[in-house]
Amino acid sequence: MAIPVRCVARRIFRDCTRKVSVLSTQQATKPIYPSNSIVCRFYSNDSEGKSTHFGFETVPEGEKAERVYKVFESVAEKYDVMNDAMSMGVHRLWKDMLLHIMNPLPGARLLDAAGGTGDISIRFLEYTRTQRERQQRRSVRSQQTLSWQDISQNYTPSDDQGPAESTAVSTAVVCDINKEMLKVGKDKAEKLGYSSGLSWVVGDAEELPFADDQFDVYTIAFGIRNVTHIEQALDEALRVLKPGGRFMCLEFSKVSNPLLSRLYDAYSFQLIPVMGEVIAGDWKSYQYLVESIRKFPDQETFKGMIEDAGFFQVQYFNLTGGVVAIHSGFKL
């Protein structure tokens, strides 16, 4: 497959201008962070004089990150409850579909960027654990048909030997800029029994605190529309993925059916902020979330942005008529 010239040019430029500190690289070597830890990284801000959108409002670039932080700090405690209320529980099916398309193998390492309360990471660990248990059951069944001679030949007394795929344990890192969201997620994970193999890191999707080529899968679910520079977040995703690694984004998108689009707009603007006020006591934050969805690029435009970042085999899958879309691409 021929590599587009623009992809090569962007990759060369990114490699030449990357500003990843030596300290960050040292912190991100294996193991990345102890399980259950929360770490913080400070990042630079050189966006003076530039403007961007915050919902339908135009604001200085340096102001958006702070305002987005305050939005999620405000809604953190009721975030999961509001997700269920706003989507009538359908967000769970969207996230399940993301894992179904991903189909990760045991031993895979996930970076859950803008991971919030850890829904994707928890599903990832559950999915890979189920896969590992299936492999182990298949291995046991295959052993049941062996003769005594085969068993004696295959027997190894050492406990640390055996098929790597049957013992491989997946790990996930939830990385989010908002400490309050991570605290809620960590508490939830502990209550559900997910502590081993799960780490919590305070970090910006536009300047990830990890070294190059660290992860098998990078996900960002309902988070990339909130970053100030989407292109920079995509560049960082490419950087931290291993060669052959997969980028997956679950995000609200554009509804193509005119009737569904009108109904969706009416529901979004007239009901969701009211739910935010009633359930979370916060009208303005959910007004912003609705507006931010409308400012996000459509499916084809975002696909082109992912390709421009250097990913290959980029495709997307519309869910619920395009209310959300899953975009996927690979680092070669």
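Residues numbered from 1 in each chain as written. Predicted model: local features only at pLDDT ≥ 70, side-chain atom pairs only at ≥ 80, totals over all residues. Heavy atoms only, no water.

Engineer: For the packing of helix H10 (residues 230–240) against helix H14 (residues 299–308), give the residues involved together with the corresponding values.
Structural biologist: The N-to-C vectors of H10 and H14 enclose an angle of 50 degrees; their axes lie 9 Å apart at closest approach. As far as their axial angle goes, H14 and H10 are oblique. Seen along the crossing, H10 lies across H14 with a hand that is right-handed. Note on element contacts: H14 touches H10 through Phe302, Met305 and Ile306, opposite Ile230, Glu231 and Leu234. Among the residues forming the contact of H10 with H14, the class breakdown is 5 nonpolar, no polar and 1 charged. (Axes fitted to C-alpha atoms, helices over the stretch in contact; angles between N-to-C directions. Helix = DSSP H or I, 4+ residues; strand = E, 2+ residues; numbered from the N terminus. Parallel < 35°, antiparallel > 145°, perpendicular 65-115°, else oblique. Left-handed = near helix turned anticlockwise from the far one by under 90°. Contact = heavy atoms within 4.5 Å. Nonpolar A, V, L, I, M, F, W, Y, C, P; charged D, E, K, R; others polar.)

Engineer: Lay out a nonpolar patch on the surface in plain terms, naming residues and giving numbers.
Structural biologist: Nonpolar side chains collect at one region of the surface, where Val274, Val278 and Trp283 lie side by side and expose about 280 Å² of accessible area between them. Secondary-structure assignment places Val274 in helix H12 (residues 272–280). (Patch = residues over 30% accessible without salt bridge, like charges linked within 9 Å, V, L, I, M, F, W, Y side chains within 5 Å. Areas by Shrake-Rupley, 256 points an atom, 1.4 Å probe, with all protein chains shown as cover. Salt bridge = Lys/Arg side-chain N within 4 Å of Asp/Glu carboxyl O.)

Engineer: Run through the confidence of the model for the chain, naming residues and quoting values.
Structural biologist: When pLDDT is averaged along the chain, the result is 83, and 76% of the positions lie at 70 or above. Taken as a whole, residues 37–44 scores under 50 in pLDDT and shows 23 contacts with residues more than four places along the chain or in a different chain. This stretch, residues 158–166, has a pLDDT under 50; its non-local contacts, to residues over four places away or in other chains, come to 7 contacts. (pLDDT = per-residue confidence, 0-100.)

Engineer: Please give an account of the side chain of Asn83 that cites residues and values.
Structural biologist: The topology assignment puts Asn83 in helix H4 (residues 79–87). Asn83 gets classed as buried once you look at its relative accessible area, which sits at 11%. The contacts of Asn83, once residues within four sequence positions are left out, are Met88, His91 and Lys95. (Buried < 20%, exposed > 50% of the residue type's maximum accessible area, 1.4 Å probe, protein only.)

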